[in-house]
Amino acid sequence: MNEAAMTLEGWYALHDFRTINWPAWKAADEEVRAFALDELNAFLEEWDALEAALKGSTAVYTIVGQKADFVFMLLRETLEELNAIENAFNKTTFAQFTTKAYSYVSIVELSNYLAGSSDEDPMQNPHVIARLKPALPKSKHICFYPMNKKRDLSDNWYMLSMDERKTMMRSHGMIGRGYAGKVKQIITGSVGFDDWEWGVTLFSDDALQFKKLVYEMRFDEVSARFGEFGPFYVGNLLDQASFTDLMKV
Ligand code: 76R
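From a predicted model like this one, the values you see are computed outputs, not experimental measurements. (Residues numbered from 1 in each chain as written. Predicted model: local features only at pLDDT ≥ 70, side-chain atom pairs only at ≥ 80, totals over all residues. Heavy atoms only, no water.)

1. Here's the deal with the overall build of the protein chain
Right, so step 1: From N to C terminus, the protein chain includes nine helices and nine strands.
Right, so step 2: For the protein chain, the C-alpha radius of gyration of 19 Å lies close to 18 Å, the compact-globule estimate for 249 residues.
Right, so step 3: Each principal axis of the C-alpha distribution contributes one length, and for the protein chain these read about 65 × 35 × 30 Å.
Right, so step 4: Here the protein chain, with 249 residues, has 45% of them falling under the buried criterion.
Right, so step 5: Pairs at least 24 residues apart make up 79% of the contacts formed inside the protein chain by residues separated by at least 6 positions. (Helix = DSSP H or I, 4+ residues; strand = E, 2+ residues; numbered from the N terminus. Rg over C-alpha atoms; globule rule 2.2 N^0.38 Å. Buried < 20%, exposed > 50% of the residue type's maximum accessible area, 1.4 Å probe, protein only. Contact = heavy atoms within 4.5 Å.)

2. Section: the site of the ligand
Right, so step 1: Near the ligand lie 22 residues; those nearest to it are R131, Y145, H172, Q185 and S223.
Right, so step 2: Among the residues making up the shell around the ligand, the classes are represented as 13 nonpolar, six polar and three charged. (Near = heavy atom within 4 Å. Nonpolar A, V, L, I, M, F, W, Y, C, P; charged D, E, K, R; others polar.)

3. Regarding the UniProt feature "binding site: Fe-coproporphyrin III" (unreviewed entry) in the protein chain
Right, so step 1: In this structure's numbering, the residues bearing the UniProt feature "binding site: Fe-coproporphyrin III" (unreviewed entry) are R131, Y145, P146, M147, N148, K149, H172, Q185 and S223. These annotated residues cover 93 residues of sequence, and their C-alpha atoms reach 22.8 Å apart at the extreme, placing them across more than a single site.
Right, so step 2: With respect to the element layout, Y145 can be found in strand β5 (residues 141-149).
Right, so step 3: Not counting residues up to four positions away in its chain, the partners in contact with Y145 are W198, G199, V200, L202, V214, F229, G230, P231 and F232.
Right, so step 4: With respect to the helices, strands and loops of the structure, Q185 is situated in strand β6 (residues 183-189).
Right, so step 5: Not counting residues within four places of it along the chain, the set of residues in contact with Q185 comprises T201 and L202. (UniProt positions renumbered as here; feature names shortened; annotations may be inferred.)

What follows is the structure, given as structure tokens:
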């Protein structure tokens, strides 16, 4: 019997990680740099306006460490919009001073593991819609990593019954709930879209809570037995002013 979890999908997501080419940026003329920053700010303003119109949401963060210098996390209605944004951005002068570091394509996902049985159409429920099409928080910190659920012979998540998975997801959700108000999670599904099965994006005003939460989950069965994790990216909130500040040389 097919016991695939039922999932609800919302906005498409692109995590676009970039590295700044500092030698090129420092060597550029003052006017070129000013022009490039104007272009960047035009994008940031456009994205703010789109968010105000509830047509998507964007998070802009620095990345600490050598994996990247900053990330645009873009949520939009369609893959076409995400593609158009990356192409438009790539044509800017500002983008010429960046190189690609990593990217991740996925879609905001809710699963039915913990949903109560009800005849109501979840897509008519405003709370569900708010989670599928979320305004990304402007928390001080972001943490992103991709992950899989294991498909080994002895530990194969996809061979477990719905009931077994539900029991484990309940325990997972209980740990998560202990971080309510401290960490906000956005789970994006990426089966068929990217190299891992989910993207995990966490937001918090206290970066230490990422470590506490992820560590606590490592002891929980679903993560301990079945979780496989990709690279972790962690960073700090950027807005127009702090991005301009970052680019000062
Ligand atoms: O959606 C819900 O709030 C219901 C409970 C819930 C589900 C179904 C939930 C709660 N998660 C769900 C699904 Mn989660 N989550 C992760 C990670 O590092 C690790 O070990 C795992 C990475 C974290 C840190 C985290 C946090 N969750 C999922 C899924 C899809 C699984 C599937 O479909 O098989 C993944 C991959 C995943 C991974 N989870 C919570 C949290 C937190 C903080 C919560 C509580 C949210 C809240 O109550 O607001």
